[in-house]
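Each chain, letter by letter, is given below.
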Amino acid sequence: MSWRQPRSLQVRQLLAASLVLLAFLALAGYALDRAFLETAESNLRQRLKSYALAYAAKGEFARNGEFIPPYESVEPRFEMPGSGLYAEVAFPRGHWDSPSAVGPELPDSGMLPAGVERFEGPLPIIELDGSAGEAYRYGYGVIWGADGDARAEFPYTIYILENTTQLSRQVAVFREALWRYLGGACVILLLMQALIMRWSLRPLRRVIDELKRVQRGLASRMSGRHPRELEPLTESINAFIESERENLDRQRNTLADLAHSLKTPLAVLRARLDDRSSDVELREEVDVQIRRMNEMVSYQLARAASGGHALFAAPIAIEPHAEQIVRGLEKVYAYKGVLCEFDIADGVQFYGEPGDLQELLGNLLENAFKWARSRVLLTVKLGEMAPNRRPGVMIAVDDDGPGIPPEKVAMVLQRGVRGDERVHGHGIGLSIVQDLVRGYRGTLDVQKSEELGGARFEVQLPPGL
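Residues numbered from 1 in each chain as written. Predicted model: local features only at pLDDT ≥ 70, side-chain atom pairs only at ≥ 80, totals over all residues. Heavy atoms only, no water.

**A word on the UniProt feature "transmembrane region" (unreviewed entry) in the protein chain**
We apply this condition: UniProt positions are given in the numbering used here, feature names are shortened, and annotations may be inferred rather than shown by experiment. Strands are runs of DSSP state E lasting at least two residues, helices are runs of H or I lasting at least four, and both sets are numbered from the N terminus onward.
As annotated by UniProt and renumbered to match this structure, "transmembrane region" (unreviewed entry) occupies residues 178-196. The span residues 178-196 shows a helical share of 100% and a strand share of 0%, and its end C-alpha atoms are spaced 26 Å apart.

Below you can see the structure in the form of structure tokens.
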């Protein structure tokens, strides 16, 4: 059975508009779905990367080459077997797994060059209960260096894996909400579209009604009360009606004239038959009258043919976070006996994310502890002031270490670059600080400490943050 196009203009337009609407909503839904999935994967990548950087910054290697994980757990899920979040450290002389990775079968992991990142997935894994699953994996290659014992540097790679359960659940919830809302919007739009289509086609229905009245003889012509878009149509219809009437009148007149013209030749022939004329005379008369009638018919036809028709952050106390960080650093660098002093003004607060404050203070203080001989000074004061805005904040960390030559400041702030290759570290902390400060539209200044003689890292956060 062949498919036939609907004869109704309203149905045709409604069908076409509905198909376009459905196609648009489907494409919009697909685009939103892909955008959410890419955003979710990007967030997952950043989260796994932060775990990897935490292991790289806080993990160490023992003299026998074994990896020593951070003293404080990077994430409690790493300590729970089968939690779905796993950490692996691959190095030339061995392999370390987090407690959560004991039991599940994870993909093989090789070494990556230093500074190389790799995010891949989903990869097949075997969960702790023996079921098949999938996981995303982030890898980061690092070079570890010794701290003065003449041991050679060697590379290692940190892998962070997380199964797709949480991501799949987020995507499923988003998709359910997305298609539910899009479906509701589609129904509402289709109903509104039908009402709008019916309202917009009302003038056409009025034209149809007037045409029916003209056909039935109830009206002689179309009215002039129509939208501008339909005026050419109604005017053409009126002109056509008038032209047809003129043609009909002309045809009636032509037939009447022709009948009247033929009456005389026919009467002559009838008279010739009645007076019993000779055959020769009758033949001559018939010939004459036939030519005459032919001329009359041609004339009337010619005459008839010639007649044409014309979306603010809550304030955060700085001192408690600083104390917590310093307590941890004092344990890590207990062998150095570094004394950390605080000079924190009353009422100074940080307006931002708690994690940003932790990263900022943690990296600055850890760098100071690493290079200090015996003293570190944390100074926090009010920064710049502006009317009707939150005050700025100045955070400075001084140490009594060797300091940083001015020509090496830019190099030290680069990611992966260390001021001294013999000192343990990865050259990441200061670049993280610089990125955080830039995100808050602040400035980071590195100079010589006038009070302690070493390096001074001074952060200025502008008002209004």
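What follows picks up the thread again.
**Side note on the packing of helix α7 (residues 354-371) against helix α9 (residues 429-439)**
This is how it is decided: In this analysis an axis means a line fitted to C-alpha atoms, helices contributing only their contacting stretch, and an angle means the value between N-to-C directions, from 0 to 180 degrees. Left-handed describes a crossing in which the near helix is turned anticlockwise from the far one by less than a right angle; the clockwise case is right-handed. Two residues form a contact once any of their heavy atoms are found within 4.5 Å. Gly falls in the polar group here, along with every residue not listed as nonpolar (Ala, Val, Leu, Ile, Met, Phe, Trp, Tyr, Cys, Pro) or charged (Asp, Glu, Lys, Arg).
For the pair α7 and α9, interaxial distance at closest approach is 9 Å and the crossing angle is 140°. For the element pair α7 and α9, the recorded crossing hand is left-handed. Contacts between α7 and α9 involve Asp356, Glu359, Leu360, Asn363, Leu364 and Asn367 on the former and, on the latter, Gly429, Leu430, Ile432, Val433, Leu436 and Val437. Grouping the amino acids of the contact of α7 with α9 by side-chain chemistry returns 7 nonpolar, 3 polar and 2 charged.

**Re the confidence of the model for the protein chain**
Our working definition: Per-residue confidence from the prediction method is given by pLDDT, with values spanning 0 to 100.
For the protein chain, the average pLDDT comes to 79, and 82% of its residues sit at 70 or higher. In the predicted structure, residues 306-311 sits below a pLDDT of 50 and forms 5 contacts with residues beyond four places in sequence or in another chain.

**Some words on unusual backbone geometry**
With the exception of glycine, the majority of residues adopt a negative phi angle, and the majority of peptide bonds are in the trans configuration. For Arg441, which is not a glycine, the phi torsion comes out positive at approximately 60°. For Arg441, the location among the structural elements is in the loop between α9 and β13 (443-448).

**Describing the packing of helix α6 (residues 318-332) against α7**
The cut-off we apply is this: Here is the rule for angles: anything less than 35 degrees is roughly parallel, anything more than 145 is roughly antiparallel, 65 through 115 is roughly perpendicular, and the remaining ranges are oblique.
Close contact between α6 and α7 brings their axes to 10 Å; oriented N to C, the two are set at 40°. Classified by the angle between their axes, α6 and α7 sit oblique to one another. As α6 runs across α7, the sense of the crossing is right-handed. Within the contact between the two elements, α6 uses Ile318, His321, Ala322, Gln324, Ile325, Val326, Leu329 and Glu330 and α7 uses Leu357, Gln358, Leu361, Gly362, Leu365, Glu366 and Phe369. Split by residue class, the contact of α6 with α7 holds 9 nonpolar, 4 polar and 2 charged.

**Some thoughts on the packing of aromatic side chains**
Convention followed: Pairing of aromatic rings covers Phe, Tyr and Trp, the last through its six-membered ring, and needs centres within 6.5 Å; plane angles under 30 degrees mean stacked, over 60 mean edge-to-face, and all others mean tilted. The buried label applies to any residue whose accessible area, calculated with a 1.4 Å probe on protein chains only, is under 20% of its type's maximum; exposed applies above 50%, and partly exposed to all values in between.
In this structure the tally under the stated criterion is 8 aromatic pairs. Here Tyr333 and Phe369 contribute two aromatic rings whose centre-to-centre distance is 6.1 Å and whose plane-to-plane angle is 40°, an arrangement assigned as tilted. Here the residue Tyr333 occupies a position in the loop between α6 and β9 (339-344), and Phe369 occupies one in helix α7, the gap between them amounting to 36 residues. Overall, the relative accessible area of 8% leaves Tyr333 in the buried class. According to the relative accessible area criterion, Phe369 is buried, its value standing at 0%.

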